[in-house]
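Fold and contact review
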Protein chains: 4
Amino acid sequence: MASAYTALKEACYQANMELNALGLVIQTFGNVSAADRQQGVFAIKPSGVPYSELRAEDMVVLDFENQVVEGKLRPSSDTRTHSYLYRQWEGIGGIAHTHALYSVAWAQAQRDIPLLGTTHADHLTHDIPCAPPMADSLIEGDYEHNTGIQIRDCFESRKLSPEEVQMVLVGNHGPFCWGKDAAQAVYNSRVLETVAQMAYLTLQINPGADRMKDTLIAKHYNRKHGKDAYYGQ
Amino acid sequence: MASAYTALKEACYQANMELNALGLVIQTFGNVSAADRQQGVFAIKPSGVPYSELRAEDMVVLDFENQVVEGKLRPSSDTRTHSYLYRQWEGIGGIAHTHALYSVAWAQAQRDIPLLGTTHADHLTHDIPCAPPMADSLIEGDYEHNTGIQIRDCFESRKLSPEEVQMVLVGNHGPFCWGKDAAQAVYNSRVLETVAQMAYLTLQINPGADRMKDTLIAKHYNRKHGKDAYYGQ
Amino acid sequence: MASAYTALKEACYQANMELNALGLVIQTFGNVSAADRQQGVFAIKPSGVPYSELRAEDMVVLDFENQVVEGKLRPSSDTRTHSYLYRQWEGIGGIAHTHALYSVAWAQAQRDIPLLGTTHADHLTHDIPCAPPMADSLIEGDYEHNTGIQIRDCFESRKLSPEEVQMVLVGNHGPFCWGKDAAQAVYNSRVLETVAQMAYLTLQINPGADRMKDTLIAKHYNRKHGKDAYYGQ
Amino acid sequence: MASAYTALKEACYQANMELNALGLVIQTFGNVSAADRQQGVFAIKPSGVPYSELRAEDMVVLDFENQVVEGKLRPSSDTRTHSYLYRQWEGIGGIAHTHALYSVAWAQAQRDIPLLGTTHADHLTHDIPCAPPMADSLIEGDYEHNTGIQIRDCFESRKLSPEEVQMVLVGNHGPFCWGKDAAQAVYNSRVLETVAQMAYLTLQINPGADRMKDTLIAKHYNRKHGKDAYYGQ
């Protein structure tokens, strides 16, 4: 039976299935959520359900204080990271977390992904940040909530805007991406994985490869995002 | 015609086909067995039969002393490794052996796979052990039986529990994984291959990457496996 | 309704779809154009349209001075690079630009791809050139037009012929390939990606691998391209 | 219309298509031949025909002195390498040449593939030899014929048997594999590519990885090939 959340759950379901179809997750790992700011809720994948068995009606709807408002299954174990970021950053409408290989490898290496080419600069003008692993007290406390704090602190200390930089690596763990909706969070997850693989290969070929020059970064970013953008229709 | 072993052979067949579908084996290499502890038997893939020609009825059923109780084909050449492990470790109900690329590469490198991230810690709290190649006398003796001894000795000398650590690399050879049933042994083979690839890429990016801190290992393992686990339904 | 450009647009569309089917592009990145020298026009992919939604009728037809002669959509943001090369090099009839992984990695590493084997020499007798990133004044000016200048300058300073060397890397950016028609530009994009991956792997195995000897380069190139070529039907 | 060579051409065609389906060739590169020793002929892929257009009736049949006995198309440009090897080594009935990525990379690196694990030893007890590039006089002479000489000389100088070692890398070029028939030559091409990738990854993880010990090499080879072999049905 349809509810006020049917369209939101459908969008969340489609985004989760797309994440799997793109090969960005393995087994039951990874999750996408989709927010409805007007209704004050977000839908998220249930915890540990195989993608092959997932249905739109299984998505769990919660308010931003983590209270379930619709759904019978337990939400993703990472739910409190999602809700924290939705509360902090009002401009975002979707979040995706993957275990994609190259993104995870950079996170495990605890290295920012340096800006080495135009594919990267088409999307953001900064190195992709890798937040350090959390302090023991944060890990042993409200871990998923604190993962959100760790991401926000990383952005604040580096003076990054979540509107421009729509992705982060959490050290030893993996990537979180976001955007105006769940589809864009999935799109950004794929961009991150591609950029992560390109940077990996580049540094294998030339360990001393330089960061791309600022004029070229600005040119490519502004082609797509500046006020005089001329990419797309 | 159905026998007391029909369901066991079907489960064994499905697990072998899944191993192949996941791309973890090439040609006819690799094998999965499934045990029925109540009946005191296990089913295993026949030796050297292409996956495309395999049928559930071709699975060979043996007791744990390697006597064939049902089946016309010769069982996998690795059968005596499987039976040895079933005798030693009464808690396991399935075993899988693959020639997956990254798992084999670590085995050929004779290196344990270090615990570098949460994808690894979601499944076990130890580095994935690589048992050394066997002494010449063991190789020239009852080789497959002795492969089982080598695996058990590795676990005993390192004080590892096969309930927690459900995978091992045999030096110069490749991985063996196990679990409560054949499907879980296949699942673990896939996890191992993913973790092996992530660790490979991580150390290429940062050869000095540190082992993940113990608090984070404990947190992730206990989210899924501890008494207060909250992952899944 | 059919126009004088229907066949050209269809050829352009097919080449763009082939580029995507070969896995040489991600998202909406990458573009192929097809020229009709007699009519003095070329067709090119519209900017930022997903491959899954692309139709032959969406291709944009322009003259070589960048005036649209047919089509309602905005042409690729790289259009002025294409038109510049068509004006400079009258022998070429198709151009392809991709974000293929290994090609981009060499471009980001700012390294020519050395001629290490016969797969490379079957197609050209030179290292694949990597043009340096542009000067700031060129980036901040008519960027896409100037990208064309950068490519031509690279070929002139190295005395390379665009008839023989049908591919280039633009530093920090990625590959451009061309040929007698759009299909050949796509073929060359695939050859480049293969050669880029082979060279990458070769230098990982043996960082001191030598350039192939000149006699072997000449033999393989002339088997396919010389006046006494004996490859093909 | 059926001829005395219909079955041979069909076997040759199937082997060529299998090579392509396994991803061991790109574009039109690569070729497989199949010999019929009783009729004194072999069938081979025509030169430069796309795999998608290939038909069994297009296979070209030649005697071992390179005279065409059936077929309208020009045979593979590598035909004289095949015929030379058939004349030298009477025990072989099929030959395959690929441009598979990892095999080519080792050939371009001019390195033997060291025997690092059981996957390799299941098939041969030697490192996979890489023949050096030919002398200029041989390249400029009857190149394809001389490629055959280069392969035979490599085997003679190293005292290798083509019955045991059914594969070779030609320096700067790529692999040739053979076997009792065309299907086995394709099988060996796939084994070589897998072993080449495993050795690559192993040495990336541990550049000092040792060759596998002789007892383990003998054990694995003899499990499958010795007089007391017990692998398979």
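Note that this is a predicted model, so its numbers are computed, not measured. (Residues numbered from 1 in each chain as written. Chains lettered and ligands numbered in written order. Predicted model: local features only at pLDDT ≥ 70, side-chain atom pairs only at ≥ 80, totals over all residues. Heavy atoms only, no water.)

From N to C terminus, chain A includes eight helices and eight strands. Relative to the globule expectation of 17 Å for 233 residues, the C-alpha radius of gyration of chain A, 18 Å, shows essentially globular dimensions. With the principal axes as the frame, chain A shows a C-alpha extent of 55 × 45 × 35 Å. Within chain A, contacts between residues separated by at least 24 positions form 62% of all contacts whose residues are at least 6 apart in sequence. Accessible surface, chain A: about 8600 Å² in total, of which carbon and sulfur atoms supply 47%. Side chains of chain A carry 20 positive and 27 negative charges; the gap between the two charge centres is 4 Å. (Helix = DSSP H or I, 4+ residues; strand = E, 2+ residues; numbered from the N terminus. Rg over C-alpha atoms; globule rule 2.2 N^0.38 Å. Contact = heavy atoms within 4.5 Å. Areas by Shrake-Rupley, 256 points an atom, 1.4 Å probe, with all protein chains shown as cover. Lys, Arg positive; Asp, Glu negative; His and termini not counted. Charge placed at Lys NZ, Arg CZ, Asp CG, Glu CD.)

Turning our attention to the sheet that holds strand 4 (residues 68-70) of chain B. Residue and element names in this part refer to chain B. Strand order in the open sheet made by the eight strands is 4-3-2-1-5-8-7-6, with mixed pairing throughout. Of all the strands in the sheet, just strand 4 and strand 6 (130-131) have a single pairing partner and so form its edges. Each of strand 1 (31-36), strand 2 (41-44), strand 3 (60-63), strand 4 and strand 5 (94-97) is contacted by helix 1 (residues 6-21), which is oriented at about 155° to strand 1, the strand it contacts most. Its contacts with the sheet place helix 7 (residues 182-205) against strand 1, strand 5, strand 7 (167-170) and strand 8 (174-179), and it is angled at close to 140° to strand 8. (Pairing = 2+ DSSP bridges. Axes fitted to C-alpha atoms, helices over the stretch in contact; angles between N-to-C directions.)

This next bit is on the pairing of strand 2 (residues 41-44) of chain C. All names here are of chain C. Because side chains alternate across strand 2, one face comprises the buried residues Val41 and Ala43, and the other comprises Phe42 and Ile44, equally buried. Bridge count for strand 1 (residues 31-36) against strand 2 is four bridges, and the pairing is antiparallel. In the sheet register, Ala34 faces strand 2, and the bridge partner there is Ala43. Direction of pairing for strand 2 relative to strand 3 (residues 60-63): antiparallel, over a ladder of four bridges. Counterpart to Ile44 in the pairing with strand 3 is Val60. (Buried < 20%, exposed > 50% of the residue type's maximum accessible area, 1.4 Å probe, protein only.)

Time to look at the packing of aromatic side chains. Scanning the model with the defined rule gives 28 aromatic pairs over all chains in all. Taking 4.9 Å as the distance between ring centres and 50° as the angle between the ring planes, the aromatic pair formed by A:Trp89 and A:Trp178 counts as tilted. In this pair, A:Trp89 sits in the loop between helix 2 (79-88) and strand 5 (94-97) while A:Trp178 sits in strand 8 (residues 174-179), placing the two residues 89 residues apart along the sequence. By relative accessible area, A:Trp178 is classed as buried at 0%. Measuring from ring centre to ring centre gives 5.8 Å for D:Phe42 and D:Phe64, while their planes differ by 5°; the resulting arrangement is stacked. On the criterion of sequence distance, the pair formed by D:Phe42 in strand 2 (residues 41-44) and D:Phe64 in the loop between strand 3 (60-63) and strand 4 (68-70) is long-range, its members being 22 residues apart. The buried category is assigned to D:Phe64, whose relative accessible area is 12%. Site record: aromatic cluster; members linked through ring pairs are A:Phe42, A:Phe64 and A:Tyr86. If you follow D:Arg37 out to its NZ or CZ, it ends over the ring of D:Phe64, 5.1 Å from the centre. (Phe/Tyr/Trp six-rings, centres within 6.5 Å; stacked < 30°, edge-to-face > 60°. Lys NZ or Arg CZ within 6 Å of the ring centre and 35° of its normal.)

Here the focus is the relation of the copies chain B and chain A. In screw terms, the move from chain B to chain A is a rotation of 90° and a rise of 0.0 Å along the axis, fitting with an RMSD of 0.0 Å. In symmetry terms, the pair is related by a four-fold rotation axis. Closest to the rotation axis within chain B is the C-alpha of B:Gln204, separated from it by 5.7 Å. When you check the interface residues of chain B against chain A, a mere 6% turn up at the interface there too, and the two sides of the contact use different surfaces. (Least-squares fit on C-alpha atoms with pLDDT ≥ 70 in both.)

Each side of the interface is counted separately: chain B has 33 residues, and chain A has 34 residues. Between chain B and chain A the total buried area reaches about 3100 Å² when both faces are included, carbon and sulfur atoms providing 53% of it. For the salt bridge of B:Arg223 with A:Glu144, the shortest nitrogen-to-oxygen distance reads 2.7 Å. At the surface where chain B touches chain A, the tally comes to 20 residue pairs in polar contact (both at pLDDT 80 or more). Among the elements of the structure, helix 4 (118-121), helix 7 and helix 8 (214-225) of chain B are those that each provide at least two residues to the side of chain B that touches chain A. A per-element tally of the side of chain B that touches chain A places helix 7 of chain B first, with twelve residues. (Buried area = accessible area lost by both parts, 1.4 Å probe. Salt bridge = Lys/Arg side-chain N within 4 Å of Asp/Glu carboxyl O. Polar contact = N/O pair within 3.5 Å; in protein donor to acceptor, adjacent residues only side chain to side chain.)

Residue-level contacts link 34 residues of chain D with 33 residues of chain C. Between chain D and chain C lies a buried interface of about 3100 Å² when both sides are counted; carbon and sulfur atoms form 53% of it. Run the count over chain D and chain C and you get three salt bridges. The tally of links from chain D across to chain C stands at 20 residue pairs in polar contact (both at pLDDT 80 or more). When contributions to the side of chain D that touches chain C are tallied by element, the ones reaching two or more residues are helix 3 (101-108), helix 5 (136-140), helix 6 (143-158) and helix 7 (182-205) of chain D. Here the side of chain D that touches chain C gets six residues from one element, more than from any other, and that element is helix 3 of chain D.

Turning our eyes to something else, we now look at the relation of the copies chain D and chain C. What relates the two chain copies is a rotation about an axis together with a slide along it. Superposing chain D onto chain C takes a rotation of 90° plus a shift of 0.0 Å along the axis, which leaves an RMSD of 0.0 Å. Taken together, the interface assignments show that only 6% of the residues at the interface of chain D recur at the interface of chain C, consistent with different surfaces on the two copies.

Take the sheet that holds strand 4 of chain D next. Residues and elements named next belong to chain D. One open sheet holds the eight strands; their spatial order is 4-3-2-1-5-8-7-6, and the pairing between them is mixed. Since the sheet does not close on itself, it has two edges, and those belong to strand 4 and strand 6 (130-131), each with one partner. For strand 5 (residues 94-97) and strand 8 (residues 174-179), the ladder comprises four bridges, and the chain directions are antiparallel. For Ile95, the partnering residue across the bridge sits in strand 8 and is Trp178. Its contacts with the sheet place helix 7 against strand 1 (31-36), strand 5, strand 7 (167-170) and strand 8, and it is angled at close to 140° to strand 8.

Residue and element names in this part refer to chain D. The buried fraction of helix 2 (residues 79-88) is high, at seven of ten residues. When we look at burial in helix 2, the residues that qualify are Thr79, Thr81, His82, Ser83, Tyr84, Leu85 and Tyr86. On its buried side, helix 2 packs onto strand 1, strand 2, strand 3, strand 5, helix 6 and strand 8.

All right, on to the pattern of salt bridges then. A full pass over the atoms with the stated rule returns 48 salt bridges over all chains. The salt bridge involving C:Arg152 is made with C:Asp153; its shortest N-O contact spans 2.7 Å. When its relative accessible area of 32% is taken as the criterion, C:Asp153 is described as partly exposed. A network of salt bridges, in which partner residues are shared, links A:Arg55, A:Glu57 and A:Asp58.

With that settled, the discussion passes to the confidence of the model for chain A. One rule of thumb: low pLDDT means the predicted coordinates there are not for detailed reading. Mean pLDDT for chain A: 95, with 100% of residues reaching 70 or above. Interface confidence for the predicted complex, given as ipTM, is 0.95, next to a pTM of 0.96. (pLDDT = per-residue confidence, 0-100.)

Along the chain, D:His126 turns up in the loop between helix 4 (118-121) and strand 6. With near-sequence residues (within four places) excluded, D:His126 lies in contact with D:Leu115, D:His120, D:Leu160, D:Glu164, D:Val165 and D:Arg211.

Moving on, we get to the pairing of strand 3 of chain D. All names here are of chain D. Of the strand pairs in this sheet, strand 3 and strand 4 are connected by two bridges, and their pairing is antiparallel. Note on strand 4: the bridge partner recorded for Val61 is Glu70. Taking the residues between adjacent antiparallel strands as the criterion, strand 3 and strand 4 are bridged by four residues, where Asn66 takes a positive phi near 75°.

In this section: the packing of helix 7 (residues 182-205) of chain C against helix 3 of chain D. Two measures define how a pair of helices packs: the angle their axes make with one another and the distance between the axes. One way to put it is that helix 7 of chain C packs onto helix 3 of chain D with a least axis distance of 8 Å and a crossing angle of 55°. By the criterion of interaxial angle, the relationship of helix 7 of chain C to helix 3 of chain D is oblique. Seen along the crossing, helix 7 of chain C lies across helix 3 of chain D with a hand that is right-handed. Residues C:Thr194, C:Gln197, C:Met198, C:Ala199, C:Leu201, C:Thr202 and C:Ile205 of helix 7 of chain C touch helix 3 of chain D, and the partners they reach there are D:Leu101, D:Tyr102, D:Val104, D:Ala105, D:Trp106 and D:Gln108. (Parallel < 35°, antiparallel > 145°, perpendicular 65-115°, else oblique. Left-handed = near helix turned anticlockwise from the far one by under 90°.)

Within the secondary structure layout, D:Asn206 lies in the loop between helix 7 and helix 8 (214-225). Of note is the side chain of D:Asn206, whose polar atom sits 3.3 Å from the side chain of B:Arg111.

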